[in-house]
Amino acid sequence: MDIYLHKNRFSREEMYELNRRRLESRGVTVEDIATIALKQQSKFTENVSFEICLDSAKKILSYPDAFHIVQLGIEIDELCEKGMLSYPLQEILKSDLGLFGIDELLGLELAGNFGIIGRTNFGDIDVNKPGIIGKLNDEGKLPGKCHTFLDDIVGALGACASTRVAQIYNEGK
Ligand code: MG
């Protein structure tokens, strides 16, 4: 991280790299995000290429909106795990209170970069919790763990990648 110290503006490549590292530090790989996109688009299109899903996941991770939401959401989860938030937010986020909804709001906003379909795809992932999302959801319930923002953000990244893949396949028709 040293080479990026004292900067607040980043190139697409740097945003991708910072996001990739931050997500990996929380147990999420770019392949995990691509797998969400593959699983979702495979319902609509035969023989979806994993490479296109992976390429889409990488592109999404380099967008400024995704950069700021990934960095902020993970930061809040980590501060919560360290017990560093104030009452009542510390308790609300630690318990992943269903009524809170700001985590879903960030996810929905990020997915909204890909329009109505992006939001709908996010809703599907939020409800059905495919792959890494279910894992994050379960792990977040363990003592000392907080994935309140992470599961929604990764779900939204998956929804964006998935919608981009759908656009690529539709353009080819
Ligand atoms: Mg959540």
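Before any of the text, the structure's been laid out above.
Residues numbered from 1 in each chain as written. Predicted model: local features only at pLDDT ≥ 70, side-chain atom pairs only at ≥ 80, totals over all residues. Heavy atoms only, no water.

Chemist: I'm lost on the overall build of the protein in this one. Help?
Modeler: The helix and strand tally for the protein stands at 9 helices and 0 strands. Since a compact globule built from 173 residues should have a radius of gyration of about 16 Å, the 16 Å found for the protein is in line with a globular shape. Taken along the three principal axes of its C-alpha coordinates, the protein extends 55 × 40 × 25 Å. Nonlocal contacts in the protein, meaning residues at least 24 apart in sequence, comprise 71% of its contacts between residues at least 6 apart. Here the protein holds 20 positive side-chain charges and 27 negative ones, and the gap between their average locations is 2 Å. (Helix = DSSP H or I, 4+ residues; strand = E, 2+ residues; numbered from the N terminus. Rg over C-alpha atoms; globule rule 2.2 N^0.38 Å. Contact = heavy atoms within 4.5 Å. Lys, Arg positive; Asp, Glu negative; His and termini not counted. Charge placed at Lys NZ, Arg CZ, Asp CG, Glu CD.)

Chemist: What am I meant to see in the environment of Lys141 here?
Modeler: In this fold, Lys141 is placed in the loop between helix H8 (132-139) and helix H9 (150-171). Note on Lys141: relative accessible area 62%, which makes it exposed. Residues Lys141 and Arg21 lie 120 residues apart in sequence; the distance between their C-alpha atoms is 23 Å. (Buried < 20%, exposed > 50% of the residue type's maximum accessible area, 1.4 Å probe, protein only.)

Chemist: Sorry if this is basic, but what is going on with the packing of aromatic side chains here?
Modeler: How two aromatic rings sit relative to each other is set out by the distance from centre to centre and by the angle between their planes. Applying the stated criterion to the full structure yields 2 aromatic pairs. Here Phe100 and Phe149 contribute two aromatic rings whose centre-to-centre distance is 6.2 Å and whose plane-to-plane angle is 85 degrees, an arrangement assigned as edge-to-face. Within this pair, whereas Phe100 is found in the loop between helix H5 (89-94) and helix H6 (102-111), its partner Phe149 is found in the loop between H8 and H9, the two being separated by 49 residues in sequence. Classification of Phe149 as buried rests on a relative accessible area of 3%. (Phe/Tyr/Trp six-rings, centres within 6.5 Å; stacked < 30°, edge-to-face > 60°.)

Chemist: When you look at the coordination of the magnesium ion in this model, what are you seeing that I'm missing?
Modeler: Ideal geometry at a metal centre: 109.5 degrees between donors when four sit tetrahedrally, and 90 or 180 degrees when six sit octahedrally. Protein-derived coordination of the magnesium ion comes from Asp103 (OD), Thr148 (O), Asp151 (OD) and Asp152 (OD), at a distance range of 2.1 to 2.6 Å. Spacing between the donor residues of the magnesium ion along the chain follows D-x44-T-x2-D-D. Taken together, the positions of Asp103 in helix H6 and Asp151 in helix H9 put the pair 48 residues apart, joining distant regions of the chain. (Donors = N, O, S within 2.8 Å, 3.2 Å for Na, K, Ca; no water.)

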